[in-house]
Amino acid sequence: MGAAERLTGLTQRQIRYYEAKGLVRLARSPSGQRLLTARDIRQLRRIRWLLQQGHNVHTMRVILAADGAGLQPQRGARGNGGQWVNNKGRSTASPRTVVGR
């Protein structure tokens, strides 16, 4: 976990918190130690960046789910009702629709 702290800029407590909230899923060794992959480090860095942008856990969950689905916020689309585009540039649902609202 110390290496994860240095690589992500998040504290161990934050990493455990975001894992508990389901924003990152870390593998465990047979003894229970967290095992982080390069993908986990990228995800945690993304979480830190979203945190610095002022997003809460709920919003981060929506954004990370959209990222995983190949969706990205369209330039200028922010917050409520912004358009999301897929990796082909086609408009899709708003972030609220992604979480079933």
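Up top is the structure these notes are about.
Residues numbered from 1 in each chain as written. Predicted model: local features only at pLDDT ≥ 70, side-chain atom pairs only at ≥ 80, totals over all residues. Heavy atoms only, no water.

## Description of the nonpolar core
Which entries qualify depends on this criterion: Nonpolar cores were defined as sets of buried Ala, Val, Leu, Ile, Met, Phe, Trp, Tyr and Cys residues, with membership established by side-chain atoms within 4.5 Å. Throughout this description, buried means an accessible area under 20% of the type-specific maximum (1.4 Å probe, protein chains only), exposed means over 50%, and partly exposed covers the range between. Helix and strand labels come from DSSP, where a helix needs a run of H or I of at least four residues and a strand needs a run of E of at least two; each type is numbered from the N terminus. Contacts are residue-level and defined by heavy atoms, with any inter-residue pair within 4.5 Å sufficient.
Counting 15 residues, the largest nonpolar core has Ile 15, Tyr 18, Leu 23, Leu 44, Ile 47 and Met 60 as its most contacted members. When contributions to this core are tallied by element, the ones reaching two or more residues are helix H2 (12–20), helix H3 (38–52) and helix H4 (57–68). Other than its neighbours up to four places away in sequence, Leu 44 contacts Thr 8, Leu 10, Ile 15, Val 24 and Leu 36.

## Re the packing of H3 against H4
Threshold: Only the contacting stretch of a helix is used when fitting its axis, a line to C-alpha atoms as for every element, and angles between N-to-C directions run 0 to 180 degrees. Under this scheme an angle from 65 to 115 degrees is roughly perpendicular, one under 35 degrees roughly parallel, and one over 145 degrees roughly antiparallel; angles in between are oblique. Take the far helix as the reference: if the near one is turned anticlockwise from it by less than a right angle, the crossing is left-handed, and if turned clockwise, right-handed. Three classes are used: nonpolar for Ala, Val, Leu, Ile, Met, Phe, Trp, Tyr, Cys and Pro, charged for Asp, Glu, Lys and Arg, and polar for all others, with Gly counted as polar.
Contact pair H3 / H4: the axes reach a minimum separation of 11 Å and the direction vectors enclose 135°. Between H3 and H4, the angle is such that the two are oblique. Both H3 and H4 take part in a crossing whose hand is right-handed. Of the residues in H4, those touching H3 at Gln 43, Arg 46, Ile 47, Leu 50 and Leu 51 are Met 60, Ile 63, Leu 64 and Asp 67. Split by residue class, the contact of H3 with H4 holds 6 nonpolar, 1 polar and 2 charged.

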